[in-house]
Amino acid sequence: MIGWRPGDRHPAIDSMIRVDQAGEYGATRIYAGQLAVMGDRSAAAREIAGMAHQEERHRAFFDKLIADRGVRPTLLQPFWNVAGFALGAVTAVIGPEAAMACTAAVETEIDKHYSEQLQLLGDNDPELSAAIAEFQAEEVEHRDTALAHGAAAAPAYPLMSAMIRLGCRLAIAAAKRI
């Protein structure tokens, strides 16, 4: 982003903030759906609750950034609210491995997405870059935790993972613009 200075408004930065806030909001809704079905009694539910707590912190950061920088949030948030909760609930109904498969798929896409953003940002927005790098490391940890807790043992794991990952890519593309 040659010629851009920190503090300047830039449509690409606004888009990044908008999509990241939407994504973190969606993640909190997925985990809420999973925990609504699973409760808090199983080891998987305790892992999910820990990941959900981190996602809430990520979302709060982007909520504040949207307000502080005057970025228009996505108009799709009501959709992400329902779709995220439904995805979480459905995967949890299938079983703890499917809930973990959902996390592994989502976090695989988010890792790629955050890597692309960091590359585009360079050193143009240190505050945003630092947060994205920190959150990316936690998302990778979530993916690895999900894989360690049986994600790949979920029924039809390759198909489920591919469908969820495609959904993530579509959600990212939509939230950038809408």
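Our structure is the block above this text.
Procedures and definitions
Residues numbered from 1 in each chain as written. Predicted model: local features only at pLDDT ≥ 70, side-chain atom pairs only at ≥ 80, totals over all residues. Heavy atoms only, no water. Helix = DSSP H or I, 4+ residues; strand = E, 2+ residues; numbered from the N terminus. Expected span 1.5 Å × (residues − 1). Buried < 20%, exposed > 50% of the residue type's maximum accessible area, 1.4 Å probe, protein only. Axes fitted to C-alpha atoms, helices over the stretch in contact; angles between N-to-C directions. Parallel < 35°, antiparallel > 145°, perpendicular 65-115°, else oblique. Contact = heavy atoms within 4.5 Å. Nonpolar A, V, L, I, M, F, W, Y, C, P; charged D, E, K, R; others polar. Salt bridge = Lys/Arg side-chain N within 4 Å of Asp/Glu carboxyl O. Phe/Tyr/Trp six-rings, centres within 6.5 Å; stacked < 30°, edge-to-face > 60°. Polar contact = N/O pair within 3.5 Å; in protein donor to acceptor, adjacent residues only side chain to side chain.

**Student:** For this particular structure, what's the right way to read helix H2 (residues 43–69)?
**Tutor:** Owing to its 3.6 residues per turn, the α-helix aligns residues three or four sequence positions apart on the same side. For H2, built from 27 residues, the straight-helix expectation of 39 Å at 1.5 Å per residue is met to within 8% by its first-to-last C-alpha distance of 40 Å. Residues of H2 that are buried: Ala44, Ala45, Ile48, Met51, Ala52, Gln54, Glu55, His58, Arg59, Phe62, Leu65 and Ile66. Of the residues flanking the end of H2, it is Gly70, one or two places downstream, whose phi is positive at about 65°.

**Student:** Where do I start with the packing of helix H1 (residues 11–38) against helix H4 (residues 96–121) in this structure?
**Tutor:** Axis angle and axis distance: for two packed helices, these are the angle between their axes and the distance between the axes, and together they describe the pair. Running from amino to carboxyl end, H1 crosses H4 at an angle of 170°, the nearest separation of the two axes being 12 Å. Here H4 runs roughly antiparallel to H1, going by the angle between their axes. Here Ile13, Met16, Val19, Asp20, Glu24, Ile30, Tyr31, Gln34 and Met38 of H1 come into contact with H4, specifically with Pro96, Ala99, Cys102, Thr103, Val106, Glu107, His113, Tyr114, Gln117, Leu120 and Leu121. Partitioning the contact of H1 with H4 into residue classes produces 13 nonpolar, 4 polar and 3 charged.

**Student:** Whenever I open this one, helix H3 (residues 77–94) confuses me. Can you help?
**Tutor:** The terminal C-alpha atoms of H3, which comprises 18 residues, lie 26 Å apart, in line with the 26 Å expected from a rise of 1.5 Å per residue. Once H3 ends, the next one or two residues include Gly95, with phi positive near 145°.

**Student:** Help me understand the pattern of salt bridges in this model?
**Tutor:** Tallied over the entire structure, the rule returns 11 salt bridges. The salt bridge involving Lys64 is made with Asp68; its shortest N-O contact spans 2.5 Å. With a gap of 4 residues between them, Lys64 and Asp68 both fall in helix H2, about one helical turn apart. A single burial state applies to Lys64 and to Asp68, both of which are exposed. Ionic pairing is found between Glu127 and Arg69, a salt bridge with its closest N-O pair at 2.9 Å. Highlighted residues: Glu127 in helix H5 (residues 126–148) and Arg69 in helix H2, separated in sequence by 58 residues. A relative accessible area of 44% places Glu127 in the partly exposed class. A network of salt bridges, in which partner residues are shared, links Glu56, Arg59 and Asp63.

**Student:** I'm lost on the packing of aromatic side chains in this one. Help?
**Tutor:** A ring pair, where both rings are aromatic, is described by two values, the distance of the centres and the angle of the planes. One pass over the structure, following the stated rule, counts 4 aromatic pairs. An angle of 80° between the planes, with centres 5.2 Å apart, marks the rings of Phe61 and Phe62 as edge-to-face. We classify Phe61 as partly exposed; its relative accessible area is 22%. The exposure class assigned to Phe62 is buried, which follows from its relative accessible area of 0%. Clustering of aromatic rings is evident, with ring pairs tying together Phe61, Phe62 and Phe135.

**Student:** What's the story with the side chain of Ser129 in this structure? I'm lost.
**Tutor:** In this fold, Ser129 is placed in helix H5. When its relative accessible area of 11% is taken as the criterion, Ser129 is described as buried.

**Student:** Sorry, what's going on with the environment of Ser129 here?
**Tutor:** On a C-alpha basis, the gap between Ser129 and Leu118 in space is 6.1 Å, while along the polypeptide they are 11 residues apart. Every residue in contact with Ser129, bar those within four places of it in the chain, is listed here: Leu118, Leu121 and Gly122. A distance of 3.5 Å separates the side chain of Ser129 from the backbone oxygen of Gly122, its partner in a polar contact.

**Student:** Would you mind going over unusual backbone geometry with me for this structure?
**Tutor:** Generally, phi is negative for residues other than glycine and the peptide bonds are trans, each holding for most cases. Here Ala156, not a glycine, exhibits a phi torsion of approximately 55°, which is positive. Looking at where Ala156 falls in the secondary structure, it is placed in the loop between H5 and helix H6 (157–177).

**Student:** Hey, could you run me through the environment of Ala44 in this one?
**Tutor:** Here Ala44 is to be found in helix H2. According to the relative accessible area criterion, Ala44 is buried, its value standing at 12%. Separated by 53 residues in sequence, Ala44 and Glu97 place their C-alpha atoms 8.5 Å apart. Sequence-distant contacts of Ala44, that is, excluding residues within four places in its chain, are made with Met38, Pro96 and Met100.

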